[in-house]
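Chains, contacts and geometry: an overview
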Amino acid sequence: MATIQWYPGHMAKAKREAIEKLKLVDVVIELVDARIPESSRNPIVNEIKGQKKQLMLLNKTDLADPIQTKKWMKYYQEEGIEVLTVEAKDGKGLNQVKAAIKALMAEEFEKLAAKGVRPRPIRLMVLGIPNVGKSTFINRMIQKNQAETANRPGVTKGQRWLKIGNDFELLDTPGILWPKFDNQEIGNKLAVTGAIKDSLLHMDDVALFAINIFRTYYTDALRKPYGLSATDLELSDVDLLLLITKKLGFKDDYERASERIIFDIRAGKLGRYTLDTAPISLEGV
Ligand code: G4P
């Protein structure tokens, strides 16, 4: 997992590099993890994107709670954000992405066409925090064996454009932003989904956080793998962790059990889940 610890120097550099890349493109594609759509955003995107067109993609929807994904989509649409869902790993949703990008640029290109300017490929970059699937998405978009276009003046050394058919050109390296680590809750969410290094947090804290969310929203998903009864769920989070520790045969080694629970969640053993709760209902949808 390509997670690094971020220091102010790293952040300033990442911001600078993202701004440099942004200058080159028409549309910025912001990838977030559909399981934590808000917690995997970095608000700096809004600050640095300026007037550039933006498309937000909720990736890894195969792992997320479908109802929450629906709610988040509705929420972002109501906020006036251009948003789509994708599954970069399986390449799902990419045709809709291409169509949406074309629609975003249609007016501008029509104006240019009216002035006699020939259409050119739409230039794109991908932006997001680590582990949201940026590389996977880029690889899926370009498919295999795509030729790169010639170097252009003004393109940072080592930066290449990857052609996607005749309509798009994509910067080969994404803009990588730091995960916002505003509070313990966001940190826990990033940790559960594997977006930050495990060593940054205590795994027992992360496991207790996960137990609390799953017992509240995904009760059966928590009960099944650990053989918990309905009455077991009346225990406190800590006692539930200790019970799961015993059920796993780890005696009182709750740290080992915590690691296992997080591993199980990441491996999908507890099914699909979303840790950020959408502030919206689905009435009328
Ligand atoms: P990044 O560039 O933003 O850091 O992310 P990257 O593409 O490296 O993807 C991070 C992890 O997320 C990878 O898993 C990748 O396979 C997985 N991933 C990306 N998109 C999706 C998706 O739509 N659904 C699911 N389920 N997973 C996705 P990994 O464990 O690091 O590697 P591997 O399991 O692919 O070997």
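Counting of residues starts from 1 at the beginning of each chain's written sequence and follows it residue by residue. Residues qualify for local features only when their pLDDT is at least 70, as the model is predicted, and side-chain atom pairs are given and counted only at 80 or more; totals for whole chains, interfaces and linings, by contrast, use all residues. To get the side-chain values, take all heavy atoms of the structure and skip hydrogens and water.

What to know about the overall build of the chain
Selection criterion: Strands are runs of DSSP state E lasting at least two residues, helices are runs of H or I lasting at least four, and both sets are numbered from the N terminus onward. Exposure classes here rest on a 1.4 Å probe applied to the protein chains alone. A residue is buried below 20% of its type maximum, exposed above 50%, and partly exposed in between. The contact criterion used throughout is that any non-hydrogen atoms of two residues lie within 4.5 Å. For this count, His and the chain ends are skipped, Lys and Arg are scored as positive, and Asp and Glu as negative. Charged groups are reduced to one reference atom each: NZ for lysine, CZ for arginine, CG for aspartic acid, CD for glutamic acid.
The helix and strand inventory of the chain stands at ten helices and seven strands. By residue count, 48% of the 285 residues in the chain fall in the buried class. Look at the contacts in the chain between residues 6 or more apart in sequence, and 69% of them connect residues 24 or more apart. Side-chain charges in the chain split into 44 positive and 38 negative, and the spacing between the mean points of these groups amounts to 7 Å.

Re the packing of aromatic side chains
Note the threshold: We call Phe, Tyr and Trp rings a pair once their centres come within 6.5 Å, taking the six-membered ring for Trp, and we label the pair stacked below 30 degrees between planes, edge-to-face above 60, and tilted otherwise. Here, a charge over a ring means that NZ of Lys or CZ of Arg falls within 6 Å of the ring centre while also lying within 35 degrees of the ring normal.
Per the stated rule, a full pass over the model turns up seven aromatic pairs. Here the aromatic rings of F214 and Y218 are separated by 5.5 Å at their centres, their planes lie at 55°, and the arrangement is tilted. According to the relative accessible area criterion, Y218 is buried, its value standing at 13%. Residues F214 and Y273 carry aromatic rings whose centres are separated by 5.4 Å and whose planes lie at 55° to one another, so their mutual orientation is tilted. Of this pair, F214 sits in helix α7 (residues 203-217) while Y273 sits in the segment after α10 (254-266), placing them 59 residues apart in sequence. Residue Y273 is classed as buried on the basis of its relative accessible area of 1%. Over the ring of F250 we find R256, and its NZ or CZ is 3.8 Å from the ring centre.

Examining the packing of α7 against helix α8 (residues 219-226)
The description of two helices packed together rests on the angle between their axes and the distance between the axes. Note the following rule: Structural elements are reduced to axes, namely lines fitted to C-alpha atoms, with helices fitted over the stretch in contact, and the angle between N-to-C directions of any two is expressed from 0 to 180 degrees. Roughly parallel means an angle under 35 degrees; roughly antiparallel means over 145; roughly perpendicular covers 65 to 115; every other angle is labelled oblique. Classes in brief: Ala, Val, Leu, Ile, Met, Phe, Trp, Tyr, Cys and Pro nonpolar; Asp, Glu, Lys and Arg charged; the others, Gly included, polar.
Across the interface, α7 lies against α8 with an axial gap of 5 Å and an inter-helix angle of 115°. Relative to α8, the element α7 lies roughly perpendicular. Here I211, F214, R215, T216 and Y217 of α7 lie close against α8, whose contacting residues are T219, A221 and L222. Considering only residue class, the contact of α7 with α8 consists of five nonpolar, two polar and one charged.

Some remarks on the site of the ligand
So the rule is basically this: A cutoff of 4 Å decides nearness: a residue is near a molecule or strand if any of its heavy atoms lies inside that distance of it. Distance and chemistry together define a polar contact, namely a pair of N or O atoms within 3.5 Å, with one atom able to donate a hydrogen and the other to accept it when in protein, and with adjacent residues in sequence counting only for side-chain atoms on both sides. Every accessible area reported is derived by Shrake-Rupley at a probe size of 1.4 Å, with residue values counting cover from the shown protein chains alone.
Within the structure, the ligand sits among 15 residues, and D62, N131, K134, S135 and T136 are positioned closest to it. The side chain of D62 places a nitrogen or oxygen atom 2.8 Å from a nitrogen atom of the ligand. K134 places a side-chain nitrogen or oxygen 2.7 Å from an oxygen atom of the ligand. Its free accessible area being 710 Å², the ligand has 65% of it covered by the protein chains. With three residues, the single largest contributor to the shell around the ligand is helix α5 (residues 134-142). Taken together, the residues that form the shell around the ligand break down as five nonpolar, five polar and five charged.

Focus on a negative patch on the surface
Our working definition: A patch consists of residues exposed above 30% relative accessible area that lack any salt bridge, with like charges linked at up to 9 Å and nonpolar side chains (Val, Leu, Ile, Met, Phe, Trp, Tyr) linked at up to 5 Å. Definition used for salt bridges: Asp or Glu carboxyl oxygen within 4 Å of a side-chain nitrogen of Lys or Arg.
On the surface, D252, D253, E255 and E259 cluster together to form a negatively charged patch. Inspection of the secondary structure puts E255 in helix α10.

Quick notes on α5
To keep it simple, the criterion reads: Our arc is simply the arc of the directions from the helix axis toward the C-beta atoms.
Along α5, the positions that sit buried rather than exposed are K134, F137, I138, M141 and I142. The arc that holds every buried residue of α5, seen down its axis, measures 120°, which confines them to one face. Looking one or two residues past α5, Q143 carries a phi angle of roughly 55°, positive in sign.

Focus: the side chain of S39
For S39, the position within the fold is in the loop between β1 (27-33) and α2 (44-48). Overall, the relative accessible area of 4% leaves S39 in the buried class. Excluding its chain neighbours within four sequence positions, the residues that come into contact with S39 are K180, I186, K189, L190 and D276.

A look at the nonpolar core
This is how it is decided: Buried residues of nine kinds, namely Ala, Val, Leu, Ile, Met, Phe, Trp, Tyr and Cys, make up a nonpolar core once their side-chain atoms join them within 4.5 Å. Domain segmentation is taken from an automatic or database assignment of domains.
L57, V97, I101, L124, F137 and L222 are the most contacted members of the largest nonpolar core, which has 74 residues in total. Of all the elements, α7 adds the most residues to this core, at eight residues. Structurally, this core is a two-domain feature, drawing no fewer than three residues from each of domain 1 (9-171) and domain 2 (202-267).

Some thoughts on the pairing of strand β5 (residues 161-164)
Selection criterion: Strands are labelled as partners when DSSP assigns at least two bridges between them.
Sheet topology note: the β5/strand β6 (residues 168-171) ladder contains four bridges and is antiparallel. Its bridge partner being in β6, I164 is matched across the sheet by F168. Hairpin connection, β5 to β6: the antiparallel pair is bridged by three residues, and G165 has positive phi, about 55°.

Concerning the UniProt feature "binding site: GTP" (unreviewed entry) in the chain
Rules: UniProt positions are given in the numbering used here, feature names are shortened, and annotations may be inferred rather than shown by experiment.
According to UniProt, the feature "binding site: GTP" (unreviewed entry) maps to N59, K60, T61, D62, N131, V132, G133, K134, S135, T136 and G175 in the numbering used here. Across 117 residues of sequence, these annotated residues are also dispersed in space, with a maximum C-alpha separation of 23.9 Å. By secondary structure assignment, the location of G133 is in the loop between β4 (122-128) and α5. Among the residues examined, G133 registers a relative accessible area of 11% and is labelled buried.

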